[in-house]
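Structural overview for review
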Amino acid sequence: MKRILLAITLSAVVSSGAMAAEMKGSWTGWVSDAKCGSSKIDAACVKKCESEGSPLVFVNDKDKSVLQVANQDVLKGHEGHHIKVKGSVDGDSMTITSVSMMKSQSMTQ
């Protein structure tokens, strides 16, 4: 009986920790591709890599972290752009609910 109770408690703790890992909010950053990540963000290069099969990614302004984007279609037309997104992040994957353009269009590193 103690083992069952321990297993249930452990399961609840692990699942609550997984739920806490998802974070909702808004972020500013750049649309790049998985091949270049944060090293080079240029619209023409991003479009070329995307056409060769490299998925689009979001590069966070705050810490230059690179996040995979679950719903790629929302970024179409924003390759190489500086954007603000709303959505959720779970681990290193982002699901975007809205995208808006930022005024700045040059990457500063």
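Residues numbered from 1 in each chain as written. Predicted model: local features only at pLDDT ≥ 70, side-chain atom pairs only at ≥ 80, totals over all residues. Heavy atoms only, no water.

A few words now on the nonpolar core. Ranked by internal contacts, the top residues of the largest apolar core, which has 13 residues, are Trp27, Phe58, Leu75, Ile83, Val85, Met94 and Ile96. Looking at this core, the elements with two or more residues in it are strand S1 (22-33), strand S2 (56-60), strand S3 (66-69), strand S4 (82-90) and strand S5 (93-101). The contacts of Val85, once residues within four sequence positions are left out, are Gly25, Ser26, Trp27, Phe58, Met94, Ile96, Ser98 and Val99. (Core = buried A, V, L, I, M, F, W, Y, C linked by side-chain atoms within 4.5 Å. Buried < 20%, exposed > 50% of the residue type's maximum accessible area, 1.4 Å probe, protein only. Helix = DSSP H or I, 4+ residues; strand = E, 2+ residues; numbered from the N terminus. Contact = heavy atoms within 4.5 Å.)

This brings us to the environment of Thr95. Of note, Thr95 is situated in strand S5. Overall, the relative accessible area of 36% leaves Thr95 in the partly exposed class. Each residue touching Thr95, except ones within four places of it in the same chain, is listed here: Ala70, Asn71, Lys86, Gly87 and Ser88.

So, on to unusual backbone geometry. Even without being glycine, Lys64 reaches a positive phi, approximately 60°. Mapped onto the elements, Lys64 comes out in the loop between S2 and S3.

This part covers the sheet that holds S4. Ordered in space as S1-S2-S3-S5-S4, the five strands form a closed barrel in which the pairing is mixed. Within the sheet, the average angular offset between the axes of one strand and its neighbour, ignoring direction, is 55°. In terms of strand pairing, S3 meets S5 through two bridges, oriented parallel. Each residue of the ladder has a partner; that of Val69, found in S5, is Met94. Across the sheet, helix H2 (residues 43-51) is in contact with S1 and S2; its angle to S1 comes to roughly 100°. (Pairing = 2+ DSSP bridges. Axes fitted to C-alpha atoms, helices over the stretch in contact; angles between N-to-C directions.)

As a further point, take the pairing of S4. Inspection of the sheet shows S1 paired to S4 by nine bridges, in the antiparallel sense. Each bridged residue has a counterpart across the sheet, and for Gly29 the counterpart in S4 is Ile83. In sequence, S4 turns back onto S5 through a hairpin of two residues, with Gly91 there showing a positive phi of about 70°.

This part takes up the state of the cysteines. Taken as a whole and assessed by the stated rule, the structure comprises zero disulfides. Its sulfur unpaired, Cys36 is 3.9 Å from the next cysteine sulfur, which belongs to Cys45. For Cys36, a relative accessible area of 15% gives the class buried. Residue Cys45 is classed as buried on the basis of its relative accessible area, which comes to 16%. (Disulfide = S-S within 2.5 Å.)

Structural measurements only, silent on function.
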